[in-house]
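The chain contents come next:
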Amino acid sequence: MARPREFDRDEALAKARDAFWTRGYEGTSMADLVSELGIASARIYAAFGSKEDLFREAIGLYEVKEGGFVDRALAQEPTARLAVARMLREAVETYTRPGKPWGCMVVTAATNCAAENSRVQEWLAERRRQQTAAIAGRLARAVRDGELVEDADVGRLADYLTSVMHGLSVQARDGVSSERLAALCELAQQVVAGFLKPRAS
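Bear in mind the structure is a predicted one, so any value in this text is a computation, not a measurement. (Residues numbered from 1 in each chain as written. Predicted model: local features only at pLDDT ≥ 70, side-chain atom pairs only at ≥ 80, totals over all residues. Heavy atoms only, no water.)

### Some remarks on the domain arrangement of the protein chain
Then, in step 1: Split by domain assignment, the protein chain resolves into domain 1 (9-50) and domain 2 (67-194).
Then, in step 2: Centre-to-centre separation of domain 1 and domain 2, based on C-alpha positions: 27 Å.
Then, in step 3: Across the boundary between the two partners, domain 1 contributes eight residues, which contact 15 residues of domain 2.
Then, in step 4: The contact between domain 1 and domain 2 buries some 970 Å² in all, and 58% of this surface belongs to carbon and sulfur atoms. (Domains from an automatic or database assignment. Contact = heavy atoms within 4.5 Å. Buried area = accessible area lost by both parts, 1.4 Å probe.)

If you want it as structure tokens, here you go:
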């Protein structure tokens, strides 16, 4: 009979996520992971594969939980205006949550990589591009539904909102207060409001 594993895989993955979230991909060594997970490197490799495999799985966990707020807002809110408001509000909440690393893991974990890690960097960049496309898609639907004006440049507006969220992530990492970040979100919502189609009186 095979011996049971001596660690909880889900718990280990959550610890790895937080390590990568805090230090980034390159800044997190195998020695760091051994220390954080409390298991030998051989067992980490056996359970998760390579460091890159573990990182990708950790990103997946982040996107399902903490980082999934954008997809949830876009899917669940009845209007684009409410989706954007929720998306920005929850960005601030997620990026400044007590007891968790600050900022967005997908934005900060691998922004500057050595050449041998360019594959990881490009993989994260593609995930960011996909999120921008999802925002643009929701805004395009709002144009079709008559919520936004017909000539709204949804691609440019999606790029703007993505840039705001990336800025929130960087500022949160710098220790900017949630109150100041929320004030920035109010300005972004005013920009979106400028594209709303006037209601017929």
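There is more to say, and it comes next.
### Considering the UniProt feature "DNA-binding region" (unreviewed entry) in the protein chain
Then, in step 1: The residues that UniProt annotates with the feature "DNA-binding region" (unreviewed entry) are residues 29-48.
Then, in step 2: The span residues 29-48 shows a helical share of 80% and a strand share of 0%, and its end C-alpha atoms are spaced 15 Å apart. (UniProt positions renumbered as here; feature names shortened; annotations may be inferred. Helix = DSSP H or I, 4+ residues; strand = E, 2+ residues; numbered from the N terminus.)

### A look at the pattern of salt bridges
Then, in step 1: For the coordinates displayed, the defined rule picks out 17 salt bridges.
Then, in step 2: Its salt-bridge partner being R127, residue E63 comes within 2.6 Å of it at the nearest N-O pair. Highlighted residues: E63 in helix α4 (residues 51-64) and R127 in helix α8 (residues 118-144), separated in sequence by 64 residues.
Then, in step 3: Judged by relative accessible area, which is 25%, R127 ranks as partly exposed.
Then, in step 4: Of the charged contacts, one joins R156 and D153 as a salt bridge, the two residues approaching to 4.0 Å between their closest N and O atoms.
Then, in step 5: A network of salt bridges, in which partner residues are shared, links R17, D18, E66 and K100. (Salt bridge = Lys/Arg side-chain N within 4 Å of Asp/Glu carboxyl O. Buried < 20%, exposed > 50% of the residue type's maximum accessible area, 1.4 Å probe, protein only.)

### A word on the packing of helix α6 (residues 80-95) against helix α10 (residues 178-193)
Two packed helices can be described by the angle between their axes and the distance between those axes.
Then, in step 1: Packing of α6 against α10 leaves a shortest axis separation of 10 Å and a crossing angle of 165°. In terms of their interaxial angle, α6 and α10 are classed as roughly antiparallel. Seen from above, α6 lies across α10 with right-handed handedness. In this structure, α6 uses V84, A85, L88 and V92 to contact α10, whose residues at the interface are S178, L181, A182, C185, A188, Q189 and V192.
Then, in step 2: Split into classes, the residues belonging to the contact of α6 with α10 amount to nine nonpolar, two polar and no charged. (Axes fitted to C-alpha atoms, helices over the stretch in contact; angles between N-to-C directions. Parallel < 35°, antiparallel > 145°, perpendicular 65-115°, else oblique. Left-handed = near helix turned anticlockwise from the far one by under 90°. Nonpolar A, V, L, I, M, F, W, Y, C, P; charged D, E, K, R; others polar.)

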